[in-house]
Every structure is written in C-alpha cells, then in structure tokens.
2 protein chains.
Amino acid sequence: MVLPRAARTQRRTRIQGEKEERILEAALEVFSANGFRGSTVDQIAEVAGMSKPNLLYYFRTKEAMHRALIDRVLDTWLDPLREFNAEGNPVAEIRSYIRRKLEMARDYPRESRLFANEVLQGAPHIEDELKGPLKALVDEKAEVIRAWAKAGKIAKCDPYHLIFAIWSTTQHYADFDVQVRAVLGQGNAGEGRFEDAARFLERLFVDGLQVSEQPTV
Amino acid sequence: MVLPRAARTQRRTRIQGEKEERILEAALEVFSANGFRGSTVDQIAEVAGMSKPNLLYYFRTKEAMHRALIDRVLDTWLDPLREFNAEGNPVAEIRSYIRRKLEMARDYPRESRLFANEVLQGAPHIEDELKGPLKALVDEKAEVIRAWAKAGKIAKCDPYHLIFAIWSTTQHYADFDVQVRAVLGQGNAGEGRFEDAARFLERLFVDGLQVSEQPTV
DNA sequence: TGTAATGTTTACCAACCGGTCAAATTATCA
DNA sequence: TGATAATTTGACCGGTTGGTAAACATTACA
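Conventions we followed
- Residues numbered from 1 in each chain as written.
- Chains lettered and ligands numbered in written order.
- Predicted model: local features only at pLDDT ≥ 70, side-chain atom pairs only at ≥ 80, totals over all residues.
- Heavy atoms only, no water.
- Contact = heavy atoms within 4.5 Å.
- Buried area = accessible area lost by both parts, 1.4 Å probe.
- Polar contact = N/O pair within 3.5 Å; in protein donor to acceptor, adjacent residues only side chain to side chain.
- Helix = DSSP H or I, 4+ residues; strand = E, 2+ residues; numbered from the N terminus.
- Nonpolar A, V, L, I, M, F, W, Y, C, P; charged D, E, K, R; others polar.
- Buried < 20%, exposed > 50% of the residue type's maximum accessible area, 1.4 Å probe, protein only.
- Least-squares fit on C-alpha atoms with pLDDT ≥ 70 in both.
- Phe/Tyr/Trp six-rings, centres within 6.5 Å; stacked < 30°, edge-to-face > 60°.
- Lys NZ or Arg CZ within 6 Å of the ring centre and 35° of its normal.

1. Overview of the interface of chain A and chain B
Then step 1. Chain A puts 64 residues into the contact, and the matching count from chain B is 64 residues.
Then step 2. Each partner contributes to the roughly 5,800 Å² buried at the junction of chain A and chain B, and carbon and sulfur atoms together form 65% of this total.
Then step 3. On inspection of chain A and its partner chain B, the count reaches 10 residue pairs in polar contact (both at pLDDT 80 or more).
Then step 4. Going through the elements one at a time, helix H1 (14-38), helix H5 (90-107), helix H6 (109-120), helix H7 (127-150), helix H8 (159-175), helix H9 (177-184) and helix H10 (192-207) of chain A are the ones with two or more residues in the side of chain A that touches chain B.
Then step 5. In terms of residue count, H8 of chain A provides more of the side of chain A that touches chain B than any other element does, 11 residues in total.
Then step 6. For the side of chain A that touches chain B, a count of residues per class yields 33 nonpolar, 16 polar and 15 charged.

Pasting the structure below:
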C-alpha cells in the first residue's frame, strides 16, 4: 500500500497533521501570490521545506492542494458576513461589517488574493461554492438589509450591490495593495492607510459625500 | 537580415499593421483571462490564427507582447480620470466619473482584468507606470477634490481613498464578474445589473445610506 | 524487539514551455 | 519580370512542469 492518510485509514497520524499544515500554509503563500497556473509544485515544496515527492505524498495533485486550501479558507473568509446581525442597529451593523472586512484585508491579505486570483480567472475551481453556500448566505443577509430599508431604518437601496460595494472597497486594500502603496507614495507607506480607509469608508457608507447638517468650515 | 518591423526600417508595411493588431487583440483576450504566467504563446497564436513562430516574428518575446499591450491599453484606461474637471460641479463630476468607469467595466472588461491580474500579482511589469504616470494623475485629481472639500462643496474626505473606492466598486463588476453573476443568480443574468449598479453607486457616493430628508415610506 | 505501516528520497519520465533556425513562400518595386 | 526584402512554416532545442517508481528510512504498536 502506498496511499497516504485518511484515504484508507480513518486515523491521522501526528506527522500527517503537521505536514499537511505546513503544506497548506506554503500553498497559501504561493497560490495567493502567483495564482493557480502561475504557481509550481516545486515552489510550494520549497516554501514548505520539503521535497516535491514528499509533498505529493500528502496531496496527490496540485489541484488537490488547491481544493483543500479553498475549502479550509472559505469558511473563515465568510465569517464577517455571518456575524451580520438582523437584530442589531442597522447603521452600526453595516459599520462594523465594514470594519471587520477591512481588518481581514489588513490581517489576511493572502486569503483575499487567493480568492481574487481564482474569481478573476473565471472561478474554474470554486464555481460550486459561489453558486451554493456563498449565494445562499448573501441571499439571507440581503433579505435582512431589505427589511431594514423597508422599515425606514436605512435608505432604500439594492442590498446585493451594497454588499458588493463593501466587498470591493475593503478587499481592494488587500488585492491591489501594490497599487495603493504606489499611489499613496512613500509618505503613507505605513499601516496608517488602513485607519484612513476605515474612517473614509465608514463615513462614505453612512453619510455619502453630500455636505451634511453638522457645521463645516 | 531577419529582424521584423520598425526595429530597422522606420516604415511599417501593411501586413505589419494588420498582424500586430490581430496579435494584440488575441493577447488581450488570453492575458486578461489567464494572467501573464498562466498564458502561453501557443494560446495567443491560436486565438490570433497564426503559427507560434510567425507570432514571434512580430513580437520577439512573450514579455514584449505584454508590454506593448499594457502601453496601448493604459492610456485609454485612464481617460475617464483625465476627464475629471476641476471647473465643473463637484457632485456632478463625481457622479459622471462613476458612470464612465462603470461603462468601461461593462464595455471593456478584458482591459480591467488585464490590469487586475497584473496588480494582483505584485505588478511586476508595470511598477514604473504605477509610481509614475498613474500616481501623478491621481495626485493632480486628488488636489482638485481636496479643494472642493475645503470650499465646502462636498463633504470633507480623503480624496485618495475616494478614488480608490470609485475604482474598486466599479471595476468589481468587470474583475469579479463570475462572482457577481453567481450571487445575483439566473434571474439577474442580463446586463441590467449594470444599471442597478449605476443607480446604487451614484446614490451611495452622493447620499450615503443614512435616511435622507426626502419622505420615506 | 520485531514487523508492518508510514514516511522520505533519488532518479526519472513524458508533456509542455518559450524561443531558435534555416528553408520555403510571398509581397514589393525598380 | 526579376531580384530583393518581408513573411511564413516545420522541425527542433534546452529547460521546466506535474507527476511516478521503487528503494530506503522511520515510526507505531503488538
């Protein structure tokens, strides 16, 4: 017998757990930076600190690695949206959703880029996840937003496009990081851009750009 | 002598013009769908309807093709921002910038994805363009926006993050098209999503989500 | 401790990649 | 028309890719 892991034995050995962990961490690093096609198994093996055949002992193909990675990351990636609470104060909920998404862009940019790469190239490996669990979750939360609007608690707006707008504005800071840095220049190279972004986005989504009632200079 | 085109003769033959056109069109198709590393010269040659060596007669390397493509596309891509007019009505200018960017996402999604792919992977080929012409243009327009805010014509806000927000929300509909379609589902599969998006974004950027003065149900 | 299962390595392969070359073909124009 | 330059092609090359085979080493456990 030559098959690895849980394929036949239900039990996982200690080594299996450690190695698979290291491999997926390395795969995240490489896939998120180069996309699926642009990544090589050798690269991942080197980052993981093991030989290519050894890596392929745990994940039989490059695709299997990618799938395992997607499955593991997708759940945590959607957590902020799940926390969206129908009972809370609408504006406060939206505000804190934006904040959480922005924190994820700051703290987990690789996960963001992993999905961005995938979706950008037509989502060949995650089409089912998009049309299934993702759509279901968005549908659910869109209904919540629609109810808020109907009750007059927030302005009437298309809830789906609101969610898209929050996704795109926040993930922009992870996915297009080099562009953001290039445009902001050396001066704003520190992490302060995330605080500026948070201030701007909270204000944008809540008040818009129209001059509001509070006195302006 | 074996060198093609303008490398030695200043004059371009009729065939040169036609073939280079076909090649760049094919390159846009392939690069935008697969990224630089994920694309092969054979793919581009097939889409262009010619043999690989023939293609390489006009562009000596894959990189040369990519660079020529970037150079050609970048200019037109930045046109909407250039049209941004300091003399116009601030809110109207921002509104029409959003509309133009959204139209480009609808009509030129390949160009959008070409840059998205490039930036997402660290902009290895266009770093100079980002830090040079792009930054200069953004700096200029940011100053315009800052002046508007100072004059009390729009709400005070960080002009750079405003531009990022407009870029990300509009380009989202090109770059993440499959995701948008998957979430909206079959019903909204038509092009109507761009009109919905336009309505939503104009409203978002101008009014925000707060319930405004006009009577709500 | 012995042995069977698990893990690791070296050597390797076929397919594919970007790119070259020389020969053949076609367009240009004096 | 003929000769010269421009274009096109098929055969090929060295390097890289994802993946395999089998020998070897280590671990777990009765």
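Right, picking up where we left off after that structure.
2. Describing H9 of chain A
All names here are of chain A.
Then step 1. In terms of burial, H9 is largely enclosed, as 6 of its 8 residues are buried.
Then step 2. Within H9, burial applies to Asp177, Gln179, Val180, Ala182, Val183 and Leu184.
Then step 3. Backbone geometry just after H9 places Gly185 at a positive phi near 80°.

3. Some remarks on the side chain of Ser168 of chain A
Then step 1. Following the sequence through the fold, Ser168 of chain A ends up in helix H8.
Then step 2. Judged by its relative accessible area of 6%, Ser168 of chain A falls in the buried class.
Then step 3. Excluding anything up to four places from it in sequence, Ser168 of chain A contacts Ser168, Thr169 and His172 of chain B.

4. A word on the relation of the copies chain A and chain B
Then step 1. If you rotate chain A by 180° and push it 0.0 Å along the axis, it lands on chain B with an RMSD of 0.1 Å. Taken together, the rotation angle and the small translation identify this as a two-fold axis.
Then step 2. Of the residues that chain A buries at the interface, 100% are likewise interface residues in chain B, meaning the two copies contact each other through the same surface.

5. Things to note about the environment of Asp175 of chain B
Then step 1. Within the secondary structure, Asp175 of chain B is located in helix H8 (residues 159-175).
Then step 2. With a relative accessible area of 2%, Asp175 of chain B lands in the buried category.
Then step 3. For the pair Asp175 of chain B and Ala105 of chain B, spaced 70 residues apart in the sequence, the C-alpha separation amounts to 8.2 Å.
Then step 4. In contact with Asp175 of chain B, not counting residues within four places along its chain, are Val119, Leu120 and Phe176 of chain A together with Ser112, Arg113 and Ala116 of chain B.

6. Looking at the packing of aromatic side chains
Then step 1. Considering all chains together, one arrives at 16 aromatic pairs over all chains under this definition.
Then step 2. Ring plane angle 20° and centroid distance 5.6 Å describe the contact between Phe31 of chain A and Phe36 of chain A, whose orientation is recorded as stacked.
Then step 3. You can call Phe31 of chain A buried: its relative accessible area is 1%.
Then step 4. We classify Phe36 of chain A as buried; its relative accessible area is 15%.
Then step 5. Measuring from centroid to centroid gives 5.0 Å for Tyr57 of chain B and Tyr58 of chain B, while their planes differ by 80°, and the two rings are edge-to-face.
Then step 6. Taken together, the aromatic side chains of Phe164 and Trp167 of chain A together with Tyr173 and Phe194 of chain B make up a single cluster linked through ring pairs.
Then step 7. Residue placement shows Lys62 of chain A over the ring face of Phe36 of chain A; its charged tip is 4.7 Å from the ring centre.

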